[in-house]
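A closer look at the structure
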Amino acid sequence: MSETLLYTATNTLEAHLLQGLLAGEGIKVRLDSDLLMGGVGDLPADVQHIRLWCYSYHLLEAQAVLEGYFNHSGQDWYCGQCGEHNGSAFELCWHCQAPKKAG
């Protein structure tokens, strides 16, 4: 099975966030160059980017997930269970992990 470059993240936090988002959709992603982040400051900036790779058969699905994430425009919401404020991109409460209620 061949892998295809899906996305190039500018830092470890973004790369791991997107990897987790895709894993939640059942899409396995491999990070490339993640270990180079220990050399920040000593390495050229373009080498520090982290590439996300996925299997070719998941490419369209993975691109759709990322497109939905980056283009998500919705309203912030308050958790019905704990009352915590959550950003529009959250489907689960960041504080208690209760699901966002529809409507």
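Residues numbered from 1 in each chain as written. Predicted model: local features only at pLDDT ≥ 70, side-chain atom pairs only at ≥ 80, totals over all residues. Heavy atoms only, no water.

**Comments concerning the environment of leucine 18**
Operational definition: Only DSSP runs of H or I reaching four residues or more are called helices, and only runs of E reaching two or more are called strands; each is numbered from the N terminus. Note on contacts: a residue pair is in contact if any heavy atoms of the two residues lie within 4.5 Å.
Positionally, leucine 18 belongs in helix H1 (residues 12-24). Taking the C-alpha atoms as reference points, leucine 18 and valine 65, 47 residues apart in sequence, are found 9.5 Å from one another. Ignoring sequence-local partners within four residues, the contact set of leucine 18 consists of Tyr7, Leu52, Leu66, Tyr69 and Phe70.

**Considerations on the sheet that holds strand E3 (residues 50-55)**
To keep things clear, this is the line we draw: Strands were regarded as paired on the criterion that DSSP finds at least two bridges between them. Note on definitions: angles span 0 to 180 degrees between N-to-C directions of axes, and those axes are lines fitted to C-alpha atoms, for helices only across the stretch in contact.
Here we have three strands laid out as an open sheet, ordered E1-E3-E2, and antiparallel in their pairing. With partners counted over all chains shown, the strands left at the sheet margins are strand E1 (3-9) and strand E2 (29-32), one partner each. Adjacent strand axes in the sheet meet at a mean angle of 30 degrees, parallel and antiparallel pairs treated alike. Across the sheet, H1 is in contact with E1, E2 and E3; its angle to E3 comes to roughly 20 degrees. Along the sheet, helix H2 (residues 59-70) makes contact with E1 and E3, crossing E1 at roughly 15 degrees.

Read these as spatial facts, not as claims about activity.
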